[in-house]
Amino acid sequence: MCTRVYYETGLGTYLTGRTMDWSDVGMATDLWTFPRGMKRDGGTGADALTWTSTYGSTVVAIYDMATSDGLNEAGLAGNLLYLVESDYGDAAARGKPTISVGAWLQYILDSFATVAEAVAALEPDPFTVVSANAPNGKPASVHLSLSDAGGDSAILEFVGGALTIHHGADFRVMTNSPVYEQQLAIDGYWSLVGGQHFLPGTIAAADRFARASYNLRSTPKFEDRRAGLAAIFSQMRAISTPLGLSDPEKPNIASTLWRTVSEHDARRYYFDSVINPTVMWLDLDKVDLSEGAPAMKLPLNDPRDAGGNVSSQLVPATPFEFLVP
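Every chain is numbered on its own, with residues counted from 1 as its sequence reads. Thresholds applied to this predicted model are a pLDDT of at least 70 for local features of residues and 80 or more for the giving and counting of side-chain atom pairs; totals over whole chains, interfaces and linings are not thresholded and use all residues. Note: side-chain values were computed over all heavy atoms of the structure, leaving out hydrogens and water.

**A look at the packing of aromatic side chains**
Working definition: a ring pair exists when centres of Phe, Tyr or Trp rings (six-membered ring for Trp) sit within 6.5 Å. Plane angles under 30 degrees give stacked, over 60 give edge-to-face, the rest tilted. Within the structure shown, the criterion is met by 17 aromatic pairs. An aromatic cluster is present here, built from W32, F34, F320 and F322 joined pairwise through their rings. Geometrically, a charge over a ring is one whose NZ (Lys) or CZ (Arg) sits within 6 Å of the ring centre while staying within 35 degrees of the ring normal. Cation over ring: R40 sits above F34, and NZ or CZ is 4.4 Å from the ring centre.

**Digging into a nonpolar patch on the surface**
Where nonpolar side chains cluster on the molecular surface, the patch consists of V25, L243 and I275 and spans about 260 Å² of accessible area. The way it works is that DSSP assigns letters per residue, a run of H or I at least four long becomes a helix, a run of E at least two long becomes a strand, and they are numbered from the N terminus. Tracing the backbone through its elements, the reader meets I275 in the loop between strand 16 (268–273) and strand 17 (278–283). Nonpolar side chains (Val, Leu, Ile, Met, Phe, Trp, Tyr) are joined into patches within 5 Å and like charges within 9 Å, using only residues with over 30% relative accessible area and no salt bridge. Only the protein chains shown count as cover for residues, with accessible areas throughout obtained via the Shrake-Rupley method and a probe of 1.4 Å. Each reported salt bridge corresponds to a side-chain nitrogen of Lys or Arg within 4 Å of a carboxyl oxygen of Asp or Glu.

**Quick word on helix 6 (residues 225–238)**
Along an α-helix, residues three or four apart share an orientation, since each turn contains 3.6 residues. Compared with the 20 Å implied by 1.5 Å per residue over 14 residues, the 20 Å span of helix 6 between its first and last C-alpha is a close match. Along helix 6, the residues classified as buried are G228, L229, A231, I232, F233, Q235 and M236. Whether two residues are in contact is decided by their heavy atoms, any of which lying within 4.5 Å being enough. Looking at the buried residues of helix 6, the elements they touch are strand 1 (3–8), strand 2 (14–21), helix 5 (205–218), strand 15 (256–263), strand 16 and strand 17. In protein, a polar contact means a hydrogen-donor-capable atom and an acceptor-capable atom, both N or O and within 3.5 Å, with residues adjacent in sequence counting only if both atoms are side-chain atoms; elsewhere, any N or O pair within 3.5 Å suffices. In this structure D224 caps helix 6, since a side-chain oxygen of it lies 3.1 Å from the backbone nitrogen of R226. By this rule, a helix spans an expected 1.5 Å times one less than how many residues it contains. Partly exposed describes any residue whose relative accessible area lies between the buried limit of under 20% and the exposed limit of over 50%, with all areas from a 1.4 Å probe on protein chains only and scaled to the type maximum.

**Focus: the side chain of R4**
Considering the arrangement of structural elements, one finds R4 in strand 1. Asp and Glu count as negative and Lys and Arg as positive, but His and the ends of the chain are not part of the count. Within the buried core, R4 has no salt-bridge partner, and the shortest N-O distance to an opposite charge, that of D69, equals 8.4 Å. A polar contact of 3.0 Å, which involves the side chain of R4, links it to the backbone oxygen of L146. A polar contact is formed between the side chain of R4 and the side chain of S153, at a distance of 3.0 Å.

**Some remarks on the sheet that holds strand 12 (residues 153–159)**
Two strands qualify as a pair provided DSSP detects at least 2 bridges between them. The sheet built from 9 strands is open, its strands ordered 13-12-11-8-7-6-3-18-20 with antiparallel pairing. Unpaired on one side and paired on the other, strand 13 (162–167) and strand 20 (315–316) mark the two borders of the sheet. Here strand 12 pairs with strand 13 via 6 bridges, running antiparallel. In the strand pairing of strand 13, E157 is matched with T164. The axes are straight lines fitted to the C-alpha atoms, using for helices just the contacting stretch, and the angles between their N-to-C directions are given from 0 to 180°. Running at roughly 20° to strand 7 (residues 66–72), helix 2 (residues 104–111) makes contact with strand 3 (29–34), strand 6 (57–62), strand 7, strand 8 (77–82), strand 11 (142–147) and strand 12 of the sheet. The sheet contacts of helix 3 (residues 115–122) involve strand 11, strand 12 and strand 13, and relative to strand 13 the element is tilted by about 155°.

See below:
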């Protein structure tokens, strides 16, 4: 279970924060940079979608098989969050090119500069996402959020085998179940109650949605860039689930393992681990994303992680293969 928040500063700039909540504390997690001009495929065999990356990006990959979060050089950010209700449809019946759920976000970061561009290309529902189980045995059932440097946002879900897109600047908060339309209705109720009087306090997704929405509405739009960054980090830490906390009646509830923040206009990407309490960041302007440059990798579960700017610490590596059934 995870939370995503899209925050506007008083400078007219935007930051996207997310938490990664997952039950496997030892989940393999790596920071990657991928250059322009990479030839890709969806990892699903003969019917796989193919493309060549137009934009370089930095991403966090999990289990060496899925792009779970990232920012591209045009300032477009994306986040995969768990959604148990996800239904991508039967690939054979749909008769469209296929793409691994682990490649879904990478395709978007590789291909588009803005949310509007991505939505225009994806609205026709041009391919079928193919899912599988993660190494811990849980299904890789996710929905996806997009945000950009211009203030635009979108939430993409596959419900009943069909793609649903909520597109607009108002869609700033996202958690998990139920599906997004129902989350909006629940949040509408709590907006009427008023968070200054009472807010739901459990770690359930709908409760986190209400609290994150209230915190976002209540946070000033700081005109100081550093204060704005502190504001989004504060919101993500406030909504995080304590390490080790679980609920036997809600097996999909999990602890927060890490947080990221995308600073869209600066093209700076932050990673904040709860296992190694430190903040590190990468400047896309300080890494080589030109066509022909190597993919670069930095493992993020190393206890020696010192924090700070890690743009120079990545090393060439062979790109991971996307999750397949």
